[in-house]
Amino acid sequence: MGRIQKNDNFIDKTFTIVADLLLKVFPASKEEKQAFAYYRDGMSAQSEGEYAEALENYYEALQIEEDPYDRSYILYNVGLIYSNNGKYVKALEYYHQAL
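Residues numbered from 1 in each chain as written. Predicted model: local features only at pLDDT ≥ 70, side-chain atom pairs only at ≥ 80, totals over all residues. Heavy atoms only, no water.

A. Quick look at helix 3 (residues 51–64). For helix 3, built from 14 residues, the straight-helix expectation of 20 Å at 1.5 Å per residue is met to within 8% by its first-to-last C-alpha distance of 20 Å. Taken residue by residue, helix 3 has A54, L55, N57, Y58, A61 and L62 as its buried positions. Seen end-on, helix 3 carries its buried residues on one side only, within an arc spanning 165°. Across from the buried face of helix 3, at angles greater than 90 degrees, the exposed residues are A52, E56 and Q63. Buried positions along helix 3 lie against helix 2 (30–47) and helix 4 (68–84). (Helix = DSSP H or I, 4+ residues; strand = E, 2+ residues; numbered from the N terminus. Expected span 1.5 Å × (residues − 1). Buried < 20%, exposed > 50% of the residue type's maximum accessible area, 1.4 Å probe, protein only. Arc of directions from axis to C-beta. Contact = heavy atoms within 4.5 Å.)

B. Region of interest: the confidence of the model for the chain. With 84% of its residues at a pLDDT of at least 70, the chain reaches an overall mean of 87. Looking across the chain, the model is least confident in helix 1 (residues 10–25), with a mean pLDDT of 70, and most confident in helix 5 (residues 88–98), with 98. (pLDDT = per-residue confidence, 0-100.)

C. Expanded view of the packing of aromatic side chains. This model, assessed by the stated rule, comprises four aromatic pairs. Ring centres of Y39 and Y58 lie 6.0 Å apart, and the angle between their planes is 40°; this geometry places the pair in the tilted category. Residue Y39 is located in helix 2, and its partner Y58 is located in helix 3; the two are separated by 19 residues in the primary sequence. For the pair Y39 and Y58, one class covers both residues: buried. Centroid distance Y76 to Y95: 5.5 Å. Interplanar angle 35°. Geometry classified as tilted. Of this pair, Y76 sits in helix 4 while Y95 is found in helix 5, placing the two residues 19 residues apart along the sequence. The partly exposed category is assigned to Y76, whose relative accessible area is 42%. For Y95, a relative accessible area of 23% translates into the label partly exposed. (Phe/Tyr/Trp six-rings, centres within 6.5 Å; stacked < 30°, edge-to-face > 60°.)

D. Focus on a negative patch on the surface. A contiguous patch of negative charge on the surface is contributed by E31, E32, E66, D67 and D70. Looking at where D70 falls in the secondary structure, it is placed in helix 4. (Patch = residues over 30% accessible without salt bridge, like charges linked within 9 Å, V, L, I, M, F, W, Y side chains within 5 Å. Areas by Shrake-Rupley, 256 points an atom, 1.4 Å probe, with all protein chains shown as cover. Salt bridge = Lys/Arg side-chain N within 4 Å of Asp/Glu carboxyl O. Lys, Arg positive; Asp, Glu negative; His and termini not counted. Charge placed at Lys NZ, Arg CZ, Asp CG, Glu CD.)

E. Here's a closer look at a nonpolar patch on the surface. Nonpolar side chains collect at one region of the surface, where V18, L22 and F26 lie side by side and expose about 260 Å² of accessible area between them. Its place among the elements puts F26 in the loop between helix 1 and helix 2. For F26, a relative accessible area of 47% puts it in the partly exposed group.

F. Broad picture of the nonpolar core. Membership of the largest hydrophobic core comes to 16 residues, with the highest contact counts inside it found for Y58, I74, V78 and Y82. Elements supplying a minimum of two residues to this core: helix 2, helix 3, helix 4 and helix 5. Residues contacting Y58, with those up to four places away along its chain left out, are Y39, G42, M43, Q46, I74, N77, V78 and I81. (Core = buried A, V, L, I, M, F, W, Y, C linked by side-chain atoms within 4.5 Å.)

Structural data, given as C-alpha cells:
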C-alpha cells in the first residue's frame, strides 16, 4: 500500500494530497481508512493505465469495505477496467453488483 504516482498531473497529485488529509482528519475505523487507501491507490493506478495493479487494489478494498455505497464505487471502477479491456460480460457483472 502507499502507491507512488508516476505522472506529474496536478489534479492527480492534488487528489492524493486531499485524500491523505481526509484519511487523517475524518473519524473512521482503521479498516475504513485502509479500504479507502486501497481504493485511492486503485484509482491512481487506473488513471495511469496500470489496470492489473488497479484491480489488485480494488479487490483488496472490497475485502475490507462494508459500506454498500462505498462498495458500489469500487465495483463500478472494476467494471470500467474490464470494459476498457473488452471484457464486456465481466464488466456488466460488476456494474450490476454496483447497483
